[in-house]
Amino acid sequence: MKDSAAGHSNEAIISADLLRQLAYNDKMAELGKISAGVVHELNAPLSVIISASQMILREEGVPEVVQEMISRINTEAQRLSHLTKGLLNFSSHDDTISEVDLNLTVDFILNFLNFEAARRAVIVLKQLDCTLPTIRLDGNLLKQILLNIIMNALQAMEENGGKLLVETSNGASDSVCFIITDNGPGIPIETLDRIFDRYFTTKKPGDGTGLGLFVTKSLVESMGGEIKVTSRVGGGTTFMVTLPIRQ
Ligand SMILES: Nc1ncnc2c1ncn2[C@@H]1O[C@H](COP(=O)(O)OP(=O)(O)OP(=O)(O)O)[C@@H](O)[C@H]1O
Ligand SMILES: [Mg+2]
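So, how was this worked out
- Residues numbered from 1 in each chain as written.
- Chains lettered and ligands numbered in written order.
- Predicted model: local features only at pLDDT ≥ 70, side-chain atom pairs only at ≥ 80, totals over all residues.
- Core = buried A, V, L, I, M, F, W, Y, C linked by C-beta atoms within 7 Å.
- Buried ≥ 20, exposed ≤ 12 C-beta atoms within 10 Å, placed from the backbone.
- Helix = DSSP H or I, 4+ residues; strand = E, 2+ residues; numbered from the N terminus.
- Contact = placed C-beta atoms within 7 Å.
- Near = placed C-beta within 6 Å.
- Nonpolar A, V, L, I, M, F, W, Y, C, P; charged D, E, K, R; others polar.
- Axes fitted to C-alpha atoms, helices over the stretch in contact; angles between N-to-C directions.
- Left-handed = near helix turned anticlockwise from the far one by under 90°.
- Pairing = 2+ DSSP bridges.
- Arc of directions from axis to C-beta.

Caption draft 1: Representation of the nonpolar core in the model. In terms of nonpolar packing, the biggest core is built from 35 residues, with Ile145, Leu146, Ile149, Ile150, Ala153, Phe178 and Ile180 touching the most fellow members. When residues of this core are traced back to their parent elements, those giving at least two are helix H4 (102-112), strand E3 (135-138), helix H6 (139-156), strand E4 (163-171), strand E5 (175-182), helix H8 (212-222) and strand E7 (236-244). In terms of residue count, the dominant contributor to this core is H6 (nine residues). With residues near it in sequence (within four places) discarded, Ile180 still touches Ile149, Ile150, Ala153, Val166, Thr238 and Phe239.

Spelled out as structure tokens, the structure:
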């Protein structure tokens, strides 16, 4: 057990550790338990494909049709490499507090969930306020918060015609906020009070742990922020998160 030299009680340290552990487990579950090792292994063959295709493209006398195909192989391999680097970056667990750009983080997560949105034919709209200041926090935890809320919204919109709107804006008194709205089935009033409870889920066993929003709320509050939800059955759901610029 760690000591409390930094002025924190042992209890606070333990619950922070637990929270981090839960956040990490939940993140890994959301990512389909993709292990960082597998992703890492993918990078080696991808870099061979990228450099070999570039070498072929530099050769003289390659027929135009072959050049075109090699160039497509190169582009797709670069795209995969970009994705795997993103996954590795996501699963790194290094507790770093830094100045984080909320809009860039939203872009990163939407990019990351592109496939999940596309396979449900969900239209994703963004309204990002480009005047936002940076916020000082652990960027990986912010990614986790966004991932949990957006993934829930996508999972709620399995039917055709799903629309997701992600907005960012300046909040009141030195804060920034983001709002995530879906046009899914909404949450019944009797359930709404329970969605942040630990292990509360309406998903089939194996499909959800019920930890996502519990962890999300705990993380937001540990950053000094606030999370609110409004929902109407048949009318969709909106989550609004406000985070102070400096904790
Ligand atoms: N956007 C949403 N639309 C409709 N229901 C939602 C939405 N977001 C959350 N919920 C409800 O809240 C419940 C709890 O969400 P939470 O993220 O904590 O767990 P989960 O998604 O069920 O499981 P896990 O996050 O582990 O996959 C969900 O099971 C679902 O019933
Ligand atoms: Mg969830």
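From this point, the discussion proceeds with the structure in view.
Caption draft 2: Molecular detail of the site of ligand 1. Every one of the 20 residues lining ligand 1 counts as a neighbour, but Ala156, Thr201, Gly208, Gly212 and Leu213 are closest to it. Secondary-structure elements contributing two or more residues to the shell around ligand 1 are H6 and H8. Of all the elements, H6 adds the most residues to the shell around ligand 1, at four residues. Its residues assigned to classes, the shell around ligand 1 comprises eight nonpolar, ten polar and two charged.

Caption draft 3: Representation of unusual backbone geometry. A positive phi angle, near 55 degrees, is found at Ala121, a position not held by glycine. Tracing the backbone through its elements, the reader meets Ala121 in the loop between helix H5 (114-119) and strand E2 (123-127). Backbone geometry at Asp174 places phi at a positive 50 degrees, although glycine is not the residue there. Looking at the secondary structure, you find Asp174 in the loop between E4 and E5.

Caption draft 4: View of the packing of H6 against H8. Between H6 and H8, the least distance of the axes is 9 Å, while the angle of their chain directions is 145 degrees. Every pair of crossing elements has a handedness; the one defined by H6 and H8 is left-handed. Of the residues in H8, those in contact with Leu141, Gln144, Ile145, Asn148, Ile149 and Asn152 of H6 are Gly212, Leu213, Val215, Thr216, Leu219 and Val220.

Caption draft 5: Structural detail: the sheet that holds strand E6 (residues 226-232). Pairing in this open sheet of five strands is mixed, and the strands run E2-E4-E5-E7-E6 from one edge to the other. Looking at the sheet topology across the chains shown, the edges are occupied by E2 and E6. Shown here is a sheet whose adjacent strand axes are inclined to one another by a mean of 15 degrees, direction ignored. This element, H4, spans E2, E4 and E5 of the sheet and lies at about 165 degrees to E4. This element, H6, spans E4, E5 and E7 of the sheet and lies at about 15 degrees to E5.

Caption draft 6: Geometry of the pairing of E7. As defined by bridge partners, E5 adjoins E7 across eight bridges and the pair is classed as antiparallel. Across the sheet, residue Ser175 finds its bridge partner in E7, namely Pro244. In sequence, E6 turns back onto E7 through a hairpin of three residues, with Gly234 there showing a positive phi of about 85 degrees.

Caption draft 7: Region of interest: the environment of Leu142. One can find Leu142 in helix H6. For Leu142, a count of 24 C-beta atoms within 10 Å gives the class buried. The spacing of Leu142 and Leu219 is 77 residues in sequence and 8.4 Å in space, taken between C-alpha atoms. Discounting residues that sit within four places of it in the chain, Leu142 has contacts with Val100, Thr105 and Leu137.

Caption draft 8: Expanded view of H4. Taken residue by residue, H4 has Leu102, Thr105, Val106 and Ile109 as its buried positions. The buried residues of H4 occupy an angular sector of 100 degrees when projected down its axis, which confines them to one face. In this structure, the buried side of H4 is in contact with strand E1 (97-100), E2, E3, H6, E4 and E5.

Caption draft 9: The arrangement of H8 in detail. When you tally the buried positions in H8, you get eight out of eleven residues, the bulk of the element. Every buried residue of H8 is listed here: Gly212, Leu213, Phe214, Val215, Thr216, Lys217, Ser218 and Leu219. After H8 finishes, the residue Gly224 shows a positive phi value of roughly 80 degrees.

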